[in-house]
2 protein chains.
Amino acid sequence: MKTLAVCFSLLAAPVMAQTPCCATGDLGVVIERATGSLLVVDRSERAAIGRIEGLGDLSHASVTFSPDERFAYIFGRDGGLSKVDLLSQSIAARTIQAGNSIGGAISDDGKLIAVSNYEPGGVKVFDADTLELVGDIPGTSKTIGLVDVPGRRFVWSTWDSGEAFMADFSAPEMKVTKLGDVGKNPFDAVLTDDAHTYLIGLFGEKGVTAIDLWEEAAEPVRFLQDYGKTEDDLPVYKMPHLQGWAFTEGQFVLPAVGQHELLWVNRETLEEVDRTPTHGQPVFIIAQPASPFVWVNFATPLNDTVQVVDSRNHEVVATLTPGKAILHMEFAPRGAEVWLSSRDDGKILIYDTHSRELVGEIPAQSPSGIFFTARAHRTGL
Amino acid sequence: MKTLAVCFSLLAAPVMAQTPCCATGDLGVVIERATGSLLVVDRSERAAIGRIEGLGDLSHASVTFSPDERFAYIFGRDGGLSKVDLLSQSIAARTIQAGNSIGGAISDDGKLIAVSNYEPGGVKVFDADTLELVGDIPGTSKTIGLVDVPGRRFVWSTWDSGEAFMADFSAPEMKVTKLGDVGKNPFDAVLTDDAHTYLIGLFGEKGVTAIDLWEEAAEPVRFLQDYGKTEDDLPVYKMPHLQGWAFTEGQFVLPAVGQHELLWVNRETLEEVDRTPTHGQPVFIIAQPASPFVWVNFATPLNDTVQVVDSRNHEVVATLTPGKAILHMEFAPRGAEVWLSSRDDGKILIYDTHSRELVGEIPAQSPSGIFFTARAHRTGL
C-alpha cells in the first residue's frame, strides 16, 4: 500500500540519513548469509544505504520484488517468508510458513507469493499485501524449481515423486494440474526468458526434461540424454543452479554437472552443439544483457575466479580473479555493470562490463545473493 | 539527485493528494498530444495520479526514463527536451535544443541523453542530471532511428545522406564513427532486443539494411529486397514505426508498408518465411511479453481495431475493437495487462492479456504514446 507515511518514516529512520531515497528503480538487496540480514544498496550511488536485520536463516535464500519495486519478499531456508519495505527499511510482514523452504515466486500481477517447501513439502500461496495464506497445495514430496508463469500461474517439480505441476489462480477457484512425469529426482528447474519452456534438471538419472508451457497439454520431452552426474565424474562440490542457465544467440548454456565445462544447446533442436572448457565447475552462468557474453562463476575450491565466454564462438575471452569465494553475480538491467559478492573478502565488487575493470566496492557481511529491483519486471525468476 | 526534499514536496503538491507515491517501479506517463501535457499513471492502481503541463508541442513525442525510474525525459516535436520528476510531478529541467526533434535515447549508465534532430539536423547529447550540452554532432542531414547501445554509445541514421553513425562516450573524448552507407532515405531504424543488430527501413528504395553491432567494423547488409513502398501499393496513411517491430520465436515481425499485412522474417537467415493478412495497415506490432502473441494496431481510417497474432502459426487469434483511434499500446513489463490509448474517446483502456477483456479505463486528453517506467531497464528504446 502506498501511503504518505512512507515519506514521514524516511525522516525518522536513522539509517536513511546517509542516502535518503524515494525512487526505487535502482535499488537492490544483498543477502548477508551469516547474520540473517539484508543490505539495501543503491545502484546509481554504488553504495549501501541501510541494513535490515532479523530475517532468520538466510544460508540459502532468494528474493522477488513487488511491481512498484518497493517491497522485497525474502524466502529463507528456515521456512521464513519476510516482506521488507525498501523505503522505510523495515520488515513489513513476516511468517514462518514451513520448516524448510527452497524458494518462491511472485505472480505476474504482483498479487500472489508462492513458496516451495522441502519440509513438509508442497507449495503455499500468500496474499502479497498481507502474507495471509490464500492457497495450500500440500504434498509429501519436496518441491523444487518453482517459477511464475503468466496468467496468475505457478509451475514446480517434485524431488521424491518426479512430477511437474501447475497451479492456476486466474479464476476464483485455484486449479492444480499435473503436467507429467519428468524423471527421477529433479533437483532444479528453470523457465526460458520467453516463458515458453520449463526445463528440469535430474539428479537420479541422466537427461534434461522440457515442457512446452505455450501448449495446452504438452507432454514432457527428454533431451541431452547424457547430461548429469556419472560415477567417474569429479565429485560435485555444489549442484549448479539451473536458474543460472543463460539464453543467448538461439542457445541454452548449461553447466556440466561435476565437470569443468559449459554445454551449448541449440534452442530449436535441443541438441548439444558445443562445449567450452572452463576454470572449474560452473555454478551460475549469467548472460550479460544486450551483449554476446556470459559470465560464469565456479564451485569451491576454485571460486576465486570468474570467466567471460563469447556465445558466438564459445571461447573464453576473459578470466578475472576478483576476490575470495565469488558466490553470485547480478547485472545492471541494461548490462553496464556487474556486481559480484565476494563472501570471504566481505565485499561487493562492482565491475564495468565493457572495460572489465573494478569501478567500486561496498563492504558487506558474508554476502551471497545480490538482487536488483529490476527483477520485478521479469518473468520466471 | 536524491534528496529528502522529494518527500517534503509530496506533502506540498496538491495533485498528489489522490495517490501519494514514493515507489516508482509501476508508474508511467501518457502523452496528451493536443494539450502538450503529460498524464502520470500508476499501473498498480490503474489510475491517473497527476498531470504535468507546459511541455510544448507533443504531437510527435517519445519518452525515456532514468535508471531509478524517477525522471522521464520527453522529446517533443518542437525540439523541446524536458526532464520531468514523477515524484514531485513537476518539470525539473527543460531546454529547447533544436527546431524540430524526432526522438532520443538514454545511455546504458543513465548519465547521457541523446536527441536526434530534423531541424537543423544532427545529434545533441546532454548531461542527464542538468541537461547541460556535453556533445554536439552537427549535421546537414535529418537524423532518424537514434538508439542507445551498451557502453555509453548511440547509433543513428541520416535521411538525406543515407548513412549510419555511432558516437562513443566511453572515453573522456567523444568518438564518432561512420558505420556505412545504408541506402536511400532511411525513415526509421530499430535495435534488436539483444542489441545485436541495427535494422534500418528505407523510404527511397526497397529493402531493409542490417548492421551487426557486435562486430568491430561490420558492413551494412541488405535483405528483404522487395520490402518497401511501390507505386501500385495502397496509399501509405502512416509510415509504420520500426520501433514496433517485434522479436519473437526466432523471428522479426515487420509491418508491410502500405499493405494490410505482417511479414515474418527468420532472424538467422534474414529471409521472409510467411505473411499474415491483417485488418488494416499495421502501425505498431508489439510482442506481449512472455507469450507467443504480438498485438497490432492500424493506420487511419481502420484504427478502431487491434488484432492479436500467434507467432507460432502466424494466425490472427483475436480481433478487438476497443475504441476510436487506437494510437499506441504498452504492456505491463511481465505481460499481464496491455494499456491502449484511444485518442478520440479520450481514454486509456486497460485489457487483461489472458482473458482479453477490458479491466479498467482512465480518462485522458487526446492520449497518444503510453510509456511505463519499466522501460528504464531496457536497451535500445
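Residues numbered from 1 in each chain as written. Chains lettered and ligands numbered in written order. Predicted model: local features only at pLDDT ≥ 70, side-chain atom pairs only at ≥ 80, totals over all residues. Heavy atoms only, no water.

## Brief notes about the overall build of chain A
The number of helices and strands found in chain A is one helix and 32 strands. Over its C-alpha trace chain A gives a radius of gyration of 20 Å, about what one expects of a compact globule, namely 21 Å for 381 residues. Dimensions of chain A along its principal axes, counting C-alpha atoms only, are 60 × 50 × 30 Å. Looking at chain A as a whole, 62% of its 381 residues qualify as buried. (Helix = DSSP H or I, 4+ residues; strand = E, 2+ residues; numbered from the N terminus. Rg over C-alpha atoms; globule rule 2.2 N^0.38 Å. Buried < 20%, exposed > 50% of the residue type's maximum accessible area, 1.4 Å probe, protein only.)

## Things to note about the interface of chain A and chain B
The partner chain B presents 48 residues to the 48 residues of chain A that form the contact. Our enumeration of links across chain A and chain B arrives at four salt bridges. Of the charged contacts, one joins A:E215 and B:R312 as a salt bridge, the two residues approaching to 3.8 Å between their closest N and O atoms. With five residues, the top contributor of residues to the side of chain A that touches chain B is helix α1 (residues 5–12) of chain A. Grouping the amino acids of the side of chain A that touches chain B by side-chain chemistry returns 21 nonpolar, ten polar and 17 charged. (Contact = heavy atoms within 4.5 Å. Salt bridge = Lys/Arg side-chain N within 4 Å of Asp/Glu carboxyl O. Nonpolar A, V, L, I, M, F, W, Y, C, P; charged D, E, K, R; others polar.)

## What to know about the relation of the copies chain A and chain B
Screw-axis analysis of chain A against chain B gives a translation of 0.0 Å along the axis, an RMSD of 0.0 Å, and a rotation angle of 180 degrees. Between the two chains, the operation in question is that of a two-fold axis. By residue overlap, the copies meet face to face through one surface: 98% of the interface positions of chain A are interface positions in chain B. (Least-squares fit on C-alpha atoms with pLDDT ≥ 70 in both.)

## Side note on the sheet that holds strand β16 (residues 186–191) of chain B
Residues and elements named next belong to chain B. What the four strands build is an open sheet, ordered β16-β17-β18-β19; its pairing is antiparallel. If you trace the sheet from one side to the other, it starts and ends with β16 and β19 (221–223), each paired once. Each strand axis lies, on average, 25 degrees off the axis of its neighbour in the sheet, ignoring direction. Sheet analysis places strand β17 (residues 197–202) next to strand β18 (residues 208–212), joined by five bridges and oriented antiparallel. By the bridge assignment for β18, Y198 is matched with I211. (Pairing = 2+ DSSP bridges. Axes fitted to C-alpha atoms, helices over the stretch in contact; angles between N-to-C directions.)

## Some details on the pattern of salt bridges
All names here are of chain B. Scanning the model with the defined rule gives 36 salt bridges over all chains in all. For the salt bridge of D85 with R70, the shortest nitrogen-to-oxygen distance reads 2.7 Å. Of this pair, D85 sits in strand β6 (residues 80–85) while R70 sits in the loop between β4 (62–65) and β5 (71–75), and the two are 15 residues apart along the sequence. By the burial criterion, D85 is buried, and R70 matches it.

## Considering the pairing of strand β2 (residues 37–42) of chain A
Residues and elements named next belong to chain A. Of all six residues that make up β2, six are buried, and the element is covered over most of its length. The alternating pattern of β2 places S37, L39 and V41 and L38, V40 and D42 on opposite faces, both of which are buried. The sheet contact formed by strand β1 (residues 27–32) and β2 spans six bridges and is antiparallel. Paired with V30 across the bridge in β2 is L39. The loop that links β1 with its antiparallel partner β2 comprises four residues; one of these, G36, has a positive phi angle of about 60 degrees. Two elements, β2 and strand β3 (residues 47–52), share five bridges in a ladder whose sense is antiparallel. Counterpart to V41 in the pairing with β3 is A48. The hairpin turn running from β2 into β3, its antiparallel successor, is four residues long, and R46 in that turn takes a positive phi close to 50 degrees.

## Details of the side chain of A:T276
Following the sequence through the fold, A:T276 ends up in strand β23 (residues 272–277). Of note is the side chain of A:T276, whose polar atom sits 2.8 Å from the side chain of A:W264. (Polar contact = N/O pair within 3.5 Å; in protein donor to acceptor, adjacent residues only side chain to side chain.)

## Examining empty space enclosed by the protein
Under the defined criterion, the tally for this structure stands at five cavities of 30 Å³ or more. Considered as a void within the structure, the largest cavity measures approximately 70 Å³ in volume. When the residues that make up the lining of the largest cavity are grouped by side-chain class, the tally is five nonpolar, one polar and four charged. The wall of the second largest cavity is formed by A:R334, B:V63, B:T64, B:F65, B:I106, B:D148, B:R375, B:A376, B:R378 and B:L381. Per-element tally for the lining of the second largest cavity: the top contributor is β4(B), with three residues. When the residues that make up the lining of the second largest cavity are grouped by side-chain class, the tally is five nonpolar, one polar and four charged. (1 Å grid on protein atoms, 1.4 Å probe; cavity = no way out; pocket = protein on both sides within 12 Å on 5 of 7 lines; lining within 4 Å. Points joined across faces, edges and corners; volume = space filled by probe spheres on them.)

## Things to note about the pairing of strand β24 (residues 282–287) of chain A
Residues and elements named next belong to chain A. In terms of burial, β24 is largely enclosed, as five of its six residues are buried. Sheet topology places β24 next to strand β25 (residues 293–298); four bridges connect them, and they run antiparallel. Within β25, the position partnered with I286 by the bridge is W295. Count of turn residues in the β24/β25 antiparallel hairpin: five residues, of which A290 carries a positive phi of about 55 degrees.

## Quick notes on the sheet that holds strand β8 (residues 100–106) of chain B
Residue and element names in this part refer to chain B. Sheet architecture is open: four strands sit in the order β8-β9-β10-β11, paired in antiparallel fashion. Sheet topology places β8 and β11 (133–137) at the edges, where each strand pairs with a single neighbour. Averaged over neighbouring strand pairs, the angle between their axes works out to 20 degrees when direction is ignored. Bridge count for strand β10 (residues 123–127) against β11 is four bridges, and the pairing is antiparallel. Bridging from a neighbouring strand, V123 pairs with I137 of β11.

## Brief notes about unusual backbone geometry
In this chain, A:T300 is followed by A:P301 through a cis amide linkage whose omega measures 5 degrees. Put simply, B:E119 and B:P120 share a cis peptide bond, and its omega is 15 degrees. With respect to the helices and strands, B:P120 occurs in the loop between β9 (112–119) and β10. Even without a glycine there, the phi angle at A:L131 is positive, about 60 degrees. As for its placement among the helices and strands, A:L131 is situated in the loop between β10 (123–127) and β11 (133–137). Assessed through its relative accessible area of 7%, A:L131 is described here as buried. In the Ramachandran plot, A:S366 falls in the positive-phi region, its phi being about 40 degrees despite a non-glycine side chain. Mapped onto the fold, A:S366 is located in the loop between β31 (358–363) and β32 (367–372). Look at A:S366 and you get partly exposed, because its relative accessible area is 24%.

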